[in-house]
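# Per-entry structural report
The lines below spell out each chain.
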Amino acid sequence: MFKKVLSVGALALTSALVVSAYAQNNTPPSPAELAVGATETRQAVFKLLGFNMAPIGAMARGAEFDAAVAERNALRIAALAPMIPDVFSVYDTREFEVDTEALPVIWDNTDDFRQKAMDLQDAATTFAAVASGGDRNTTIAAIRAFGATCGNCHDQYRVD
């Protein structure tokens, strides 16, 4: 229930931010301006995901292991994952020239795209539980499965 409330809240906040940013001019935003705003919001979510995944990936490559950071960041990713399809559903930007790595097929396969986000949420939650055990070897071994859920979506829905 909390996750649904968080997702709905994020969607409402995103919509409010896009609309309020353009409302200051007292002129309604053009469709192109809405597309840019929607794209910027999506990219903000992915920057947060990357920010939280970076230390986990670094641990997999030999950086100092910190189970608490791995668990905390995985839980953050689990909280952000449901926002991924939400920020794409706010505005379909396929018809606009926006700076994005998102492939247009996202809007053709919304159910699959949403499922991949939920898979990421599940994988992040599972990984956080593993990391909470504090065992370096077990946690590092679990990173591969966790990271694969990101890759599954990237392979199909993101420009290389």
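Residues numbered from 1 in each chain as written. Predicted model: local features only at pLDDT ≥ 70, side-chain atom pairs only at ≥ 80, totals over all residues. Heavy atoms only, no water.

Now for the overall build of the chain. The helix and strand inventory of the chain stands at six helices and zero strands. Order of helices (α) and strands (β) in the chain, N terminus to C terminus: α-α-α-α-α-α. Taken across its 160 residues, the chain has 37% of its residues classed as buried. Counting contacts in the chain only where the partners sit at least 6 residues apart, residues at least 24 apart contribute 76% of the total. For the chain, the accessible surface area stands at approximately 9200 Å², while carbon and sulfur atoms represent 58% of it. (Helix = DSSP H or I, 4+ residues; strand = E, 2+ residues; numbered from the N terminus. Buried < 20%, exposed > 50% of the residue type's maximum accessible area, 1.4 Å probe, protein only. Contact = heavy atoms within 4.5 Å. Areas by Shrake-Rupley, 256 points an atom, 1.4 Å probe, with all protein chains shown as cover.)

Angle between the axes and distance between the axes: these two values describe a pair of packed helices. Contact pair helix H2 (residues 31-60) / helix H3 (residues 67-80): the axes reach a minimum separation of 9 Å and the direction vectors enclose 155 degrees. The angle between H2 and H3 falls in the class roughly antiparallel. For the element pair H2 and H3, the recorded crossing hand is left-handed. Mapping the contact onto sequence places Val45, Leu48, Leu49, Phe51, Asn52, Met53, Pro55, Ile56 and Met59 in H2 and Val69, Ala70, Asn73, Ala74, Arg76, Ile77 and Leu80 in H3. When the residues that make up the contact of H2 with H3 are grouped by side-chain class, the tally is 13 nonpolar, two polar and one charged. (Axes fitted to C-alpha atoms, helices over the stretch in contact; angles between N-to-C directions. Parallel < 35°, antiparallel > 145°, perpendicular 65-115°, else oblique. Left-handed = near helix turned anticlockwise from the far one by under 90°. Nonpolar A, V, L, I, M, F, W, Y, C, P; charged D, E, K, R; others polar.)

So, on to the side chain of threonine 149. Looking at the element boundaries, threonine 149 is found in helix H6 (residues 136-157). Among the polar contacts listed, one links the side chain of threonine 149 to the backbone oxygen of phenylalanine 146, at a separation of 2.6 Å. Once residues within four sequence positions are removed from consideration, threonine 149 is found in contact with Asp119, Leu120 and Ala123. (Polar contact = N/O pair within 3.5 Å; in protein donor to acceptor, adjacent residues only side chain to side chain.)

This part is about the confidence of the model for the chain. Overall, the predicted model of the chain reaches an average pLDDT of 89, with 84% of residues at or above 70. When pLDDT is averaged over each element of the chain, H3 comes out on top at 98 and helix H1 (residues 2-23) at the bottom at 57. (pLDDT = per-residue confidence, 0-100.)

Once that is clear, we can look at the environment of glutamate 40. Mapped onto the secondary structure, glutamate 40 falls in helix H2. Looking at glutamate 40, the relative accessible area reads 49%, which means it is partly exposed.

In this structure, Ile56, Ile77, Ile84, Phe88, Phe127 and Phe146 are the most contacted members of the largest nonpolar core, which totals 36 residues. Looking at this core element by element, the count peaks at eight residues for helix H5 (residues 110-132). Each residue touching isoleucine 77, except ones within four places of it in the same chain, is listed here: Leu49, Asn52, Met53, Ile56, Leu120, Ala124 and Phe146. (Core = buried A, V, L, I, M, F, W, Y, C linked by side-chain atoms within 4.5 Å.)

Moving on, we come to H3. Relative to the 20 Å expected for 14 residues at 1.5 Å per residue, H3 spans 20 Å between its end C-alpha atoms, a close match to the ideal helical length. Residues of H3 that are buried: Ala67, Val69, Ala70, Asn73, Ala74, Ile77, Ala78 and Leu80. Each buried residue of H3 sits inside an arc of 165 degrees when the element is viewed along its axis, so together they form one side. Structurally, the start of H3 carries an N-cap: the backbone nitrogen of alanine 68 is 3.1 Å from a side-chain oxygen of aspartate 66. (Expected span 1.5 Å × (residues − 1). Arc of directions from axis to C-beta.)

Attention now moves to the environment of alanine 60. Mapped onto the secondary structure, alanine 60 falls in helix H2. For alanine 60, a relative accessible area of 40% corresponds to the partly exposed category. Spatially, the C-alpha atoms of alanine 60 and isoleucine 140 are 5.7 Å apart, while their sequence positions differ by 80 residues. Contact partners of alanine 60, with chain neighbours within four places excluded, come to Ile140 and Ile143.

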